[in-house]
Every structure is written in structure tokens, then in C-alpha cells.
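# Residue-level structural notes
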Amino acid sequence: MKEPRERPRAIVFDMDGLLLDTERQAVEGFLHACRANGVTPHLPTYYRCIGTRSRDSRQLMIDGHGPGFPFDDVVAAWGDYYAANFKHRPPPVKIGALEILEVVRGAGLPCALATSTRDPAATERLAAVGLDGYFDVKVTGDRITRGKPDPEIYRTAAAELRVEPTRAWALEDSPNGVRAALAADYSVIQIPDLVEPDDAVRALGHTILPSLEAAAQILRSALRNGP
């Protein structure tokens, strides 16, 4: 497992499960939506969808639950549950999120968000917890045609930051996000959330850390020692 040491020229962050502790809320909503539609939820299938856009997860959900899975009805019930329970309750900010964002800001590094969540929901979530002002660029799920693990979202972020992907770092929590960033030629740091990386993910050779605090420490070191 390699550790990025070269001073980055830009940093790109995922949002859900990395900066914001939203994934547990999302699982709660999914379980409720399945029960409301008489479906037995298959959590391994759900975990495979983390990091993807809703429209990209449709086939994964149907494959995992069977051809009769009422995807549209589940998504509708899921959205209603979110609106009733979480929309007006900001998600917790992950420990270390503000710290690393302040390190990035203090170093004057270009910073982008690369999230599968669509706007305006992404901006609303960040604004609700005071994190919206840290990003020079926001690439949200509605701005791309191919979601993670496709590299489009990370290539778009690099282009809009005007930086070569090989000179940028990406921070992600999910395997889908890690694969997207690696395919775009970023140096990748993964801070796992709900899903621990399996052997196949670990074999990708990126950096895996226990927290954003640890990532902030590595970034400080790279900023001190890099050219």
C-alpha cells in the first residue's frame, strides 16, 4: 500500500461517507423503504451501490434482489422517508473533515468536490453544516453522464481545476469512488466508512487510512517536504 508523498497540486473530495456521516442515514431509509414495499433488503447489494448515482444502481439492485424488485417504488418511499426524517436535520460532519479542509485552504490548494449526489441536494447538505465555502469546483451527479466507478467525475474535476490528475489527490470512502479516482490517474487516499475494503480493493495499491485526521497529517507532511 503506497502512501502519497509528493506535494499535491489540488485535492478532490467525495462527500457522503467521507466528509459527511450520511451513509448510516441512507441505510436506515433504504431499510424502511424496503419494508414499506414488502421487500426483504439485501444489504450486500446495497453496499455495492454506495458511491454510485441512483440511476446507475437500478440494475445492481434488481440483480441483487431479483427481477421483481420494485426499484422505483423503493426509491420513492426512500425519498419520502428522507424528507420526513433527515432533510431538516443536518448530517454529522465526520471527525477530521474540517481539519483537513482548513489545511487545504491554508495551503492555497485548489479544491473540488466530486460527489454522486445531485445538486441542489449536495450544496444544501454542505451549506447546512458550514462546509460549502471550501470548494472551488463542485462536480455533482447531475453534471456527468457516467457515474462512479467510471472516472468521468474525477477527470471533470481535474479539468475544471486546471490540474493534471497525476498531480492531484483524491479522498474517498467507497470502493466505487476509489476505482473512479484511480482510473483518472489520481493519488488516492481511502478512509472506509460502512464498507471495509476487501482483498480486491486493497490490491489496488492506494493508501487506506483510519480517519481524515490521519489524512490531514499525511497532507501536512507532503506540504512541508514536497517541492
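Summary of the structure given here. (Residues numbered from 1 in each chain as written. Predicted model: local features only at pLDDT ≥ 70, side-chain atom pairs only at ≥ 80, totals over all residues. Heavy atoms only, no water.)

## As for the packing of aromatic side chains
The tally for this structure, following the rule as stated, stands at 6 aromatic pairs. With 6.4 Å between their ring centres and 75 degrees between their planes, phenylalanine 13 and phenylalanine 135 make a pair best called edge-to-face. With phenylalanine 13 in strand 1 (residues 10-13) and phenylalanine 135 in the loop between helix 6 (121-128) and strand 3 (137-139), the pair connects residues that are 122 residues apart, well separated along the chain. Each member of the pair, phenylalanine 13 as well as phenylalanine 135, carries the same accessibility label: buried. Relative to tryptophan 78, the ring of phenylalanine 30 lies with its centre 5.3 Å away and its plane at 55 degrees, an arrangement referred to as tilted. Separated by 48 residues along the polypeptide, phenylalanine 30 in helix 1 (residues 23-36) and tryptophan 78 in helix 4 (residues 71-85) bring together distant segments of the chain. Directly above the ring of tyrosine 134 sits arginine 105, whose terminal nitrogen or CZ lies 4.0 Å from the centroid. (Phe/Tyr/Trp six-rings, centres within 6.5 Å; stacked < 30°, edge-to-face > 60°. Helix = DSSP H or I, 4+ residues; strand = E, 2+ residues; numbered from the N terminus. Buried < 20%, exposed > 50% of the residue type's maximum accessible area, 1.4 Å probe, protein only. Lys NZ or Arg CZ within 6 Å of the ring centre and 35° of its normal.)

## What about the side chain of threonine 115?
For threonine 115, the position within the fold is in the loop between strand 2 (111-114) and helix 6. Residue contacts for threonine 115: discarding those within four places in its chain leaves Asp14, Met15, Asp16, Ala122, Val139, Thr140, Gly141, Lys148 and Ile153. (Contact = heavy atoms within 4.5 Å.)

## Re the layout of surface pockets
Looking at the largest pocket, its volume works out to about 1100 Å³. For the largest pocket, the lining is made up of 42 residues, of which Asp16, Ala26, Trp78, Thr117 and Arg125 are closest to its centre. Of all the secondary structure elements, the ones that give two or more residues to the lining of the largest pocket are helix 1, helix 2 (43-49), helix 3 (54-65), helix 4 and helix 6. At 6 residues, the largest contribution of residues to the lining of the largest pocket is made by helix 4. Of the residues belonging to the lining of the largest pocket, the class tally is 15 nonpolar, 14 polar and 13 charged. Empty space within the second largest pocket amounts to approximately 250 Å³. Together, 16 residues line the second largest pocket, and Tyr47, Arg48, Pro175, Asn176 and Arg179 are the ones closest to its centre. For the lining of the second largest pocket, the secondary-structure elements that each account for two or more residues are helix 2, helix 3, helix 8 (175-183) and helix 9 (199-202). Per-element accounting of the lining of the second largest pocket gives the leading share, 3 residues, to helix 8. When its residues are assigned to classes, the lining of the second largest pocket shows 8 nonpolar, 2 polar and 6 charged. (1 Å grid on protein atoms, 1.4 Å probe; cavity = no way out; pocket = protein on both sides within 12 Å on 5 of 7 lines; lining within 4 Å. Points joined across faces, edges and corners; volume = space filled by probe spheres on them. Nonpolar A, V, L, I, M, F, W, Y, C, P; charged D, E, K, R; others polar.)

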